[in-house]
Amino acid sequence: MSWLEPEPFLRGTAWRDGDRPVRADPADLARLPWDIAERAALPIGVRVEFRAAPGTTAVELRYRAAVPPAGDELRSLRHPFALWQGRRWVAEVFAEPAAEAVVRLPLPPGGGEFTVHLPEGQAPVVRALRAVDGALSPAPPRPRWLVQGDSITEGWWSTRPARSWPSVAGRALGLDPVNLGYAGGARGELPLAEQLSRLPGELITLAFGTNCWDRAPATPEWLHATVRAYVGLIRRGHPRTPLLLVSPVLRPAAEHTRNALGATLTELRRAMERAVRDLAADDPRLLLLPGRPLLGPEHLADGLHPNDEGHARMARAVAAALGAARAVPRA
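Residues numbered from 1 in each chain as written. Predicted model: local features only at pLDDT ≥ 70, side-chain atom pairs only at ≥ 80, totals over all residues. Heavy atoms only, no water.

The 3 strands are arranged β8-β5-β10 in an open sheet whose pairing can be described as antiparallel. A single partner strand is all that each edge strand has here, and the edge strands are β8 (100-106) and β10 (125-132). Between one strand and the next, the sheet's axes are offset by a mean angle of 20 degrees, whatever the strand orientation. Of the pairings in the sheet, the one linking strand β5 (residues 58-64) to β8 comprises 7 bridges and is antiparallel in character. In the strand pairing of β8, Arg-64 is matched with Glu-100. (Pairing = 2+ DSSP bridges. Helix = DSSP H or I, 4+ residues; strand = E, 2+ residues; numbered from the N terminus. Axes fitted to C-alpha atoms, helices over the stretch in contact; angles between N-to-C directions.)

It is worth spelling out the packing of aromatic side chains at this point. When we look at a pair of aromatic rings, we describe it by the centre distance and by the angle of the planes. In total, this model carries 4 aromatic pairs according to the counting rule given. Seen in terms of ring centroids, Phe-208 and Tyr-230 are 5.6 Å apart; in terms of plane orientation they differ by 40 degrees. Their pairing is tilted. Linking Phe-208 in the loop between β14 (203-207) and α5 (220-237) with Tyr-230 in helix α5, this pair joins segments that are 22 residues apart in sequence. Each member of the pair, Phe-208 as well as Tyr-230, is classed as buried. Stacked on the ring of Trp-3, the Lys or Arg Arg-62 has its end atom at 4.9 Å from the ring centre. For Arg-171, the ring lying beneath its charged end belongs to Trp-84, and the centroid distance is 3.9 Å. (Phe/Tyr/Trp six-rings, centres within 6.5 Å; stacked < 30°, edge-to-face > 60°. Buried < 20%, exposed > 50% of the residue type's maximum accessible area, 1.4 Å probe, protein only. Lys NZ or Arg CZ within 6 Å of the ring centre and 35° of its normal.)

Attention shifts here to the sheet that holds strand β12 (residues 144-149). In space, the 5 strands of this open sheet follow the order β13-β12-β14-β15-β16, with parallel pairing throughout. Bordering the open sheet on either side are β13 (176-181) and β16 (286-289), each of which pairs with just one other strand. Averaged over all pairs of adjacent strands, the angle between their axes in this sheet comes to 20 degrees, without regard to strand direction. Relative to β14, β12 runs parallel, the two sharing 5 bridges. Paired with Leu-146 across the bridge in β14 is Ile-204. Packing of helix α3 (residues 165-173) onto the sheet brings it into contact with β12, β13 and β14, and relative to β12 it is tilted by some 160 degrees. (Contact = heavy atoms within 4.5 Å.)

Before going further, it helps to examine unusual backbone geometry. In the Ramachandran plot, Asp-133 falls in the positive-phi region, its phi being about 60 degrees despite a non-glycine side chain. Tracing the chain through its elements places Asp-133 in the loop between β10 and β11 (136-138). Take Asp-133: its relative accessible area is 56%, and that puts it in the exposed class.

As a further point, take helix α6 (residues 265-280). Between its first and last C-alpha atoms α6 spans 22 Å; for 16 residues at 1.5 Å apiece the expected length is 22 Å, and the two agree. Here the buried face of α6 lies against α5, β15 (243-246) and β16. (Expected span 1.5 Å × (residues − 1).)

Turning to the nonpolar core, a few remarks are in order. Ranked by internal contacts, the top residues of the largest apolar core, which has 38 residues, are Leu-206, Phe-208, Val-227 and Ile-234. Of all the elements in the fold, those that place two or more residues in this core are α1 (34-40), β13, α4 (190-197), β14, α5, β15 and α6. Excluding its chain neighbours within four sequence positions, the residues that come into contact with Phe-208 are Asp-150, Ala-186, Gly-188, Leu-223, Val-227, Leu-245, Val-246, Ser-247, Pro-248 and Met-272. (Core = buried A, V, L, I, M, F, W, Y, C linked by side-chain atoms within 4.5 Å.)

If charged atoms from side chains of opposite charge come close, those side chains can pair. One pass over the structure, following the stated rule, counts 26 salt bridges. As a salt-bridge pair, Asp-35 and Arg-215 come within 3.4 Å of each other at their nearest N and O atoms. Highlighted residues: Asp-35 in helix α1 and Arg-215 in the loop between β14 and α5, separated in sequence by 180 residues. When the shortest N-O distance is used, the salt bridge between Glu-189 and Arg-187 registers 3.3 Å. Across the pair, Arg-187 and Glu-189 agree in class, each one buried. Taken together, the shared-partner salt bridges connect Asp-25, Asp-28, Arg-31, Glu-194 and Arg-198 into one network. (Salt bridge = Lys/Arg side-chain N within 4 Å of Asp/Glu carboxyl O.)

So, about the packing of α5 against α6. Contact geometry of α5 with α6 gives a least axis separation of 8 Å together with a crossing angle of 35 degrees. Remark: the crossing between α5 and α6 carries right-handed chirality. The residues of α6 that touch α5, namely those facing Pro-220, Leu-223, His-224, Val-227, Arg-228 and Val-231, are Glu-267, Leu-268, Ala-271, Met-272, Arg-274, Ala-275, Val-276, Asp-278 and Leu-279. Counted by class, the contact of α5 with α6 contains 10 nonpolar, 1 polar and 4 charged residues. (Left-handed = near helix turned anticlockwise from the far one by under 90°. Nonpolar A, V, L, I, M, F, W, Y, C, P; charged D, E, K, R; others polar.)

Next up on the list: the side chain of Glu-189. For Glu-189, the location among the structural elements is in the loop between β13 and α4. One polar contact links the side chain of Glu-189 to the main-chain amide nitrogen of Arg-187, over a distance of 2.9 Å. Setting aside chain neighbours within four positions, we find Glu-189 in contact with Pro-33, Ile-36 and Tyr-230. (Polar contact = N/O pair within 3.5 Å; in protein donor to acceptor, adjacent residues only side chain to side chain.)

All quantities given are derived from atomic positions and should not be read as evidence of function.
Structure follows, in structure tokens:
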């Protein structure tokens, strides 16, 4: 079987920089903080989705990736390629870091639709794919769900990319999640809202705020105004798209501790939620999911980021809220 171009098979993509899927507009990077531009170069959430004809025994992916220099502790880290069929994990294959390589994933008999979750370390780029003993075709497109947030949205401390809350909720709802989570970011950067307004999508979720407690300290008044401005900019390009805002989940060390400007995370969360409720009075497709009740301390891996069970709990709550958002009729 000859090699196939990857573009029709890729999902979870936002923008492209040459042949690389990237997570911020490459023509508009100069307005973004350097840390967000750096995180946006990683292919978080990018997947390969295909239909395999009966008799297809495996799929092969040819890819390239950065290789850490000698002495780097990441040089020996193997890359996991995870195969899923619908909501069921099928198999995982580990590949050694290589500038260019081919990985083969055996398929179960009978054919069907499959998803390959790519490793996120070293920014792999799929260059081609092909069937072994059969044929492949692109999986049908699903509604695009734009998910913007911080390291929790990016999937930190989930054990695999497929276990992050956007991935889990996307599978549950039959959506194509586009992961625009930026570790350390999501501090109310308005150029990101403008980029999001230009990106096609049928659903939008915003999940941020915890980095406004310490990484870029904010006051409740500033965050209230920023949420209003952020939503307003998104609405310029998506005036009737269902938009869900998830306020910060539990962060025990920050809940009642004042930041450099005198605000607790509890106060910042309330300001965000108040801004959404104010706007929702005239915007019935804008919904709020309060984040504080979603997780307990036992669902945090490090006091901040969810473990797999925490990600699963967030996914269930977001999926339920998005179901309600999709049920609101368009004006």
